[in-house]
Structure formats: C-alpha cells, structure tokens
Amino acid sequence: MPERSGKFYLGRKVKPETGKAGTDPVLYDPDDLTTHGVIIGMTGSGKTGLGLIFLEEAALAGLPALIIDPKGDASNHLLHFPKLTSEFFLPWADADQARRAGVDTTAYAAQQAKLWSEGLKEWGLAEADVRQVAEAADFSVYTPGSTMVRPLSVLSSLRAPRLSWEEHTETLREKVSSTGQALLALVGIEGDPVQSREHILLANLLEHAWRAGEDMSLEKLVQQIQTPPFQKLGAMELQAFYPSDDRRSLALRLNNLLAAPSFQAWTEGDDLDIERLLWTPGGKPRHTVLHLAHLGAAERMFFVTLFLESLESWMHTQSGSSSLRALLYIDEVLGYLPPVAIPPSKPPLLRLMKQARAFGLGVLLSTQNPVDLDYKALANAGTWCLGKLQTAQDKARLLDGLEGADVGREGFKRKEVDSLLSRIGPRTFLLHNVHEREAQLFHTRWAMAYLRGPMTREDLRRLGGETPKAQVPVTSAPRAEPLAAAASMPSTPDGVAVYILPNNVTWEAAARSVGIASPAGKAELVYRPAVLAQATARVLNRKEGIDAIQTVTALAVNPDPRGIIRWEDHAVEAIDLGSLPASPLAGARFGDVAGVLLDAKRMKQLEKDFLDFAHRRASVRVFSNQVLKLTSQPGMDEAAFRAECQQAATQGREAEAQKIKTSFERKLRTLQDRLSREERELAQDQAELAGRKFEELATHGENLWGLFGGRRSQRRLTSSLTKRRLTTQAKADVDESVGAIEGFKRDLEALQAEMAEAMDALDEAWADKANQIEEVTLTPSRKDVLRDAFGLAWVPHWAAEGVGELLGFGG
C-alpha cells in the first residue's frame, strides 16, 4: 500500500494509450473537497464503489461523514469485516447471485471472501487495513420514518434555531421557506414561497415562533393554523387573506399526518442533531448512513430538505476553516438538485455548495447523468470524477458543462478531455481537480467494504445499525451428548484415501454459533469420520468466450450406513487440500468407522456418483444477448450486463444514426439549394415586377397627358398595352416563385419529419435489441470434470457434557 501522507488513496493512474492501470498511485488531498465534488457515471461504472472509497479514506483520516442513501447501496459502508473469511460473508451472501453462479450460498460466500481477499491484495491492502477502517469511526445506519433499525426524530428540526436573527436573518428565512415547502410537499401541496397562501401562512407561523425563541412542533403548528398569533398578513386582514374555513382544511391535512400511526416513526428515535450524528460523546468521528430506500418520493424529499436545513443551521454555528472538517455524501442526487425545477431540497443544497467551503464542510454528490445536476451546482464543484457515460449525448452535455464551468487553472482543454472520456471503462474515472494542473485517468482501488448491493429491510434488521459479526457455519447439528470415542485412529480399508481436516474453529466460537455465549467446562476434541469429495470442473465455451473454473465440494458427516448420499445436502465451500495437516492433533479421540466407509467397492461407486453430481452442479449461468452478440462473464449481475448491452446498443445506434443523418442531410441540402435558387429568382422577379409597374405607370401617365393635350395616338395605346402585358407576366413569375418556395419549404418540413420518424424508429429498434437478454446455463464437458479428492475425512468436533458435539472445522 502506498504511503498516504495525509491524502486519500483512490487508486492507480491509467495510461491513456493502453487503458491499463500502472503502478503510480492516485493520492487526493482531502482539503480539496472543501470546494466540493461530483461523481458521474452510468450504472455499472463503479461510482458507488468510488463514493465508498472516499468515505473509507475519510474515516482513516479521522473525518466524520453524513451519508444520504436514497437507493440502499451506501449502507454497504458498514460491511467492513474484521476477517476476510467466509463466515463473515455468509450472512450477506445474495441467494439470487449464488443461484446465477450455480452454487449454494455457503459456496458463494467462500467465493466472495476469496474474491475480496485477492482483490485487496492486488491493491496493496489486507485484513489489517479493513480493521483499521472499521475501528477508525463509529459506523451506524438510521432509517428515518421507520423503526426497522434506528429511527430518527426529524420533527425535532422544528425547534428554534440556535442562530441570531440579527446576524443570520437571510439564512434563517431560507430555512423557514424550505421547511414550509417540505411540510406542504408531505401533504401533496406545492407551496410556492411567493404565491401560495399556505406557504406564506406556515412561513409566518414558523418565523413568529422562532424569532421569539420558541420551539415549534407539528401539533402546535396545526393549532396555530386555526388560531394564528397575529391578525394581519402583509397589508391585509388574516380573515380576508386566508379565511378560517380554508385554514381549517389545511390544518386537517396536517393533522391527518399527526394522527396516522405510520407517521409516529417520524417522531421516535434520536433527535436530528447534526453534532451528535458527526461525533460520539467521547469525540470519536461517526459515519452516519441515512437509509431512505424504504420511503416514498414525497417522504424522501421531506426528510432530505429538513436534514439539509438542519445541517446548514449547524454549519453557521461553526468557526471558519480552510481544512476539511466533515463530509456530506449523497449517493444518488437525482431529483434533489435538478437544473430547471425547484423542489424544496434544491435551495438548501445549492446554498451548501456555495457556502460550506468556508466552514470546512465538503459536499460530494453522485449521479448517473450530468443533466441531473443544476448548472450552478456544477460550477461550484472543484472535483469532477467522470466515469463511463450512457450515451455520446451525455458526454457532449458533460463537456459543455465542464467548459461552461471553466474548471482548471489553464483553461478547459475540450479535445483532450473528450479523448480521455472516450477511453473510460468500468471502474475507471477521469479526475478533473481545479487544484491540480492536469486531468488524469485512474482506476479505482478495491473497496474495503463488501459491496453486496442494495440493502433490503431484512438486511438492515440483521445489521441492526452496527458492524457485522461473524457467523460460524455448522454443517452438522450438535449431538445431545458426545458419542463414544477411541484414543487412536481406526484403520481403513485399502484403496480408500484418508484426509485430516484442520481444527480451525475454537470451542468458544463453535458454542457461540449455537447461541451459547459463555460455555461452561472443558471440551474434548473428537475426530468423526466423513466422506470428503471435491472436484474441479472447467466450463469452456469458446463461442461465448467463457472459460471458468468451478470447484464442487461435499462433506458428508455420518453418512447413511446404506451408502446413499444426497450430495446437494452436504455441499460446502471449497477446501484447500494443499494446506491439510498430515496428522491429527495430539490427545484427540476418534469415532468408529462403519458402513460405507469400510466398503472400498461401494466408495468407488460413490465417487462416480459424485462426479456425475459435480458435472451437474458445476454449470455456469450467464446472461446472453444474441442480437448484440454479447455474453456476460460468470459472476456478472444482470444490472451490469444490461448496462453493457445498453452501451453496445448505443454505439450501434450511433453508427446507424450517422448513416441515416448522412442520407437525409444529402436530400436536405439538395432541397435547400433549390430553395435558395428559387429565393434568388424571386428577388429578381420582384425587381422585374417593380420595374414593369413603374414603366406601365409612366406610359399610362403619358397617355393621359396626350389625351388631355389632344395628341392621343394609336402608337401610344399599343405601347401601353405592351407594358401592361409585361407587368402581368412579371407578376406571374413572382407568383410562380412564391408558390415554388412554399412547396420547397413544405418538402423540407416533410423531409425533416421523416428524418425524425426514422430516428425515433431507430431508437426503438436498438432499445428493443438492448433488452433481448436471456439467462443461459453452460455446463462442462464430462472430460473436464476432474476429481481432486475422494475418501474418508477425519473431521474435528468439540465435545462437552451438557452441550454435545459441535463442528470444529470451518472450511
């Protein structure tokens, strides 16, 4: 692991010409986050992992963090296991992911433990680093509006702010406005701060109480809506501005909230006290996750608004600082800071982006698309971490935003950034920091938290708001009392291989696994016979580009004496055969060998039966899109593969769209050229008509003069008729050109509409191609299923009176 020197270790630099990560670390100065940051990338780009890496580094630096988690992914921040062994991963193993991988949850947990251990090792990290993160901060998760884990009493935010109205009038009035909007949004009213009488009334009630130093509550607010402590609003009498019957209707809507049993959760739990959410009473930094995935959209908006307002009020009570003191991270900001609309959450979040840097509070926002963020917010972000984007249009919009924000000391180099963004793959980001001279590509390091995906209600209940503890798997039920055992290892028949499994589960851990916290008395180690079977299968499919190795293991303790074994019931995680001890532990006792374990011929038949089972079990489930000719690698989840298909479809669509554009643009240019020529001819015809009209008028005047002067002649009459005929012809030419121009314009509009229809049809066709995903099961060839071990295994057990026997081997 590189020396941090007080900086955040985010990953390693990527060489643009190869797209591969080198060995140079990317170290980020945490104080740069006082100018805030954004992480932008499509689903599967690794943005959630990068966000958690920022949080892990903040914990190591002794910095507290507040984490708003709308989707449930950021709650993974609590999954820092003290040991990277399968018993810690097992409670969090996803059954669906295990099914897709073709294994049970126990084996899947073992795979994940190995994956995380190897992944961390590759990036210079180990168990000690994970434990250091887990011990660096107090990790907790709250579920506002629910008692499923730890509720949070958000209505405590209606208490009178601890700020002086004389010094912070503008800030407090903004808090009043946002709080009123949030409350009205919760009952389905869009409260415009200027036009809505509901909002004006609530704002005046809140300000009246807070100016007097009085706390407000929802119950008190309902009462004061009906009987306000003032009689005028503005220049009008209250009754004229907002009649009492109408006020009663508003009071009833808010009272319904107060009376609803489901709303009581908003009033329970810890107070919404920012100081306590950032630090423990003993001064240890806290990382507080505010899990919102269980809430509806209106409830999420209500909470986020009140929370941001409380954070802003707390911020203004702090002294100024140029160093990072605390971090606010929003894992998905979509809907809270949109570019056009003004939801209640937007004003306080914008103010934090503008003002928080002066107080040492950093804001880090994550989202899928640059258009989810208001331009003014982007302009206030000094750090941009840009991952893989959904479409070329998204990239163009992002480049426009970067260029408009004019980030970077030497100006924005659009072509250079465009080129770097085009090379981005999964877990690769472009880091653009206004405090650094150049942008750079980097590959994120391995996250130390287990990224198991969105947390469900059951996950949160199991988590209980605390760091997870290990669960030691027990593959055989404890016996009521120890069975008889001999002092020496019994002999086995020739041809049956013998294995000794390690005693790697202590007596205390085994007892805790069955709910015995403090086992009394001493335990004896007893080895019991079992059938151990392990095979390695290679799933090879060159057409689909799949080459995967699957290990299938079974451990049948106390097998059926008749020799009937259902291998599915005895599947365990893979056993490292190379690390098995050569002999049992001294002083241990041994159980009897009986039944099929004494029959070498029957054991051979069981071995063949197991290899058949392994052939079936070792199948690999992958996702395939035959239209796009894409197949996922084993272990890739559907969401990541769907994102890959979307990207491929986008590229295919863009290539085909360019052909359509080229074809239509050629036709459009032809029509435009004809239109331009006709417009020039019209100008000439109009000039000709004007001239003819003038000549005709002059001739007509000459004839009149001759008539009154008595000198009318046939010659003048003929000339007049000729001039009239020429004028009529010129007028016809003008009308013809006008008609032609109108026709060309109609043709242009029709061609443009046809082009738009073609592009819409193209979008629909490629969207359909991207969605043609099916799950495919690939099985190994029988010749590719090889036996690793098969025979009698001596499995250690702990035996004690009053407890029975518990497994002393943890895989």
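Being a predicted model, the structure only gives us computed values, none of them experimental. (Residues numbered from 1 in each chain as written. Predicted model: local features only at pLDDT ≥ 70, side-chain atom pairs only at ≥ 80, totals over all residues. Heavy atoms only, no water.)

### A closer look at the sheet that holds strand E12 (residues 359-367)
Overall, mixed pairing links the eleven strands, which are arranged E2-E1-E15-E14-E13-E3-E12-E11-E4-E10-E5 in an open sheet. The open sheet has two edge strands, strand E2 (20-28) and strand E5 (138-142), and neither has a second partner. Each adjacent strand pair in this sheet contributes to an overall mean axis angle of 25°, direction not counted. The strands touched by helix H1 (residues 47-60) are strand E1 (8-15), E2, strand E3 (37-40), strand E4 (65-69), E5, strand E10 (286-291), strand E11 (321-330), E12, strand E13 (383-386), strand E14 (428-433) and strand E15 (440-444); relative to E1, the strand with the most contacts, the crossing angle is about 135°. On top of the sheet, helix H16 (residues 414-421) reaches E13, E14 and E15; it is set at about 155° to E14, its chief contact. (Pairing = 2+ DSSP bridges. Helix = DSSP H or I, 4+ residues; strand = E, 2+ residues; numbered from the N terminus. Axes fitted to C-alpha atoms, helices over the stretch in contact; angles between N-to-C directions. Contact = heavy atoms within 4.5 Å.)

### Examining helix H5 (residues 127-136)
Every α-helical turn comprises 3.6 residues, leaving residues that sit three or four positions apart pointing alike. Of the positions making up H5, those classed as buried are Asp-129, Val-130, Val-133 and Ala-134. Along the axis of H5, the buried positions cluster into a sector of 140°, meaning they face one direction only. For H5, the elements touching its buried residues are H1, helix H4 (105-122) and E5. (Buried < 20%, exposed > 50% of the residue type's maximum accessible area, 1.4 Å probe, protein only. Arc of directions from axis to C-beta.)

### Let's talk about the environment of Ala-683
Turning to its location among the elements, Ala-683 is positioned in helix H20 (residues 638-709). The spatial distance from the C-alpha of Ala-683 to the C-alpha of Val-734 is 8.4 Å, given a sequence separation of 51 residues.

### Some thoughts on the nonpolar core
In terms of nonpolar packing, the biggest core is built from 91 residues, with Phe-307, Leu-328 and Leu-352 touching the most fellow members. With ten residues, the single largest contributor to this core is helix H12 (residues 297-315). With sequence-adjacent residues up to four places away left out, Leu-352 is seen in contact with His-36, Leu-308, Leu-311, Glu-312, Met-315, Leu-328, Leu-361 and Val-363. Judged by nonpolar contacts, the second largest core, of 60 residues, contains Tyr-28, Leu-84, Ala-98 and Leu-431. (Core = buried A, V, L, I, M, F, W, Y, C linked by side-chain atoms within 4.5 Å.)

### Some details on the environment of Leu-337
You can see Leu-337 is positioned in the loop between E11 and helix H13 (346-355). On the accessibility criterion, Leu-337 (0% relative accessible area) is buried. For the pair Leu-337 and Val-371, spaced 34 residues apart in the sequence, the C-alpha separation amounts to 9.9 Å.

### Some remarks on the packing of aromatic side chains
One pair of aromatic rings is described through two measures. These are the centre distance and the angle between the planes. This structure, assessed with the given rule, holds 19 aromatic pairs. Relative to Phe-54, the ring of Phe-8 has its centre 6.3 Å away and its plane inclined at 70°; by these criteria the two rings are edge-to-face. Here the residue Phe-8 occupies a position in strand E1, and Phe-54 occupies one in helix H1, the gap between them amounting to 46 residues. Comparing Phe-8 with Phe-54 shows no difference in burial state: the two are buried. A centroid spacing of 4.8 Å and a plane angle of 75° characterise the contact between Phe-81 and Phe-89, whose relative ring orientation is edge-to-face. Taking the relative accessible area as the measure of exposure, Phe-81 reaches 2% and is therefore buried. An aromatic cluster is defined as three or more aromatic residues linked by ring pairs; in this entry it consists of Phe-81, Phe-88, Phe-89, Trp-116, Trp-446 and Tyr-450. For Lys-667, the ring lying beneath its charged end belongs to Phe-664, and the centroid distance is 5.4 Å. Geometry around Trp-766 places Lys-769 over its ring, the cationic atom sitting 3.9 Å from the centre. (Phe/Tyr/Trp six-rings, centres within 6.5 Å; stacked < 30°, edge-to-face > 60°. Lys NZ or Arg CZ within 6 Å of the ring centre and 35° of its normal.)

### Points about unusual backbone geometry
The residue Arg-427 is not glycine, and still its phi comes out positive at about 60°. Relative to the helices and strands, Arg-427 resides in the loop between H16 and E14. The phi dihedral of Lys-629 falls on the positive side, at around 60°, and the residue is not glycine. When you line up the elements, Lys-629 lands in the loop between strand E21 (620-625) and strand E22 (630-631). Classification of Lys-629 by relative accessible area gives exposed; the value is 76%.

Shape descriptors only; they carry no functional weight alone.
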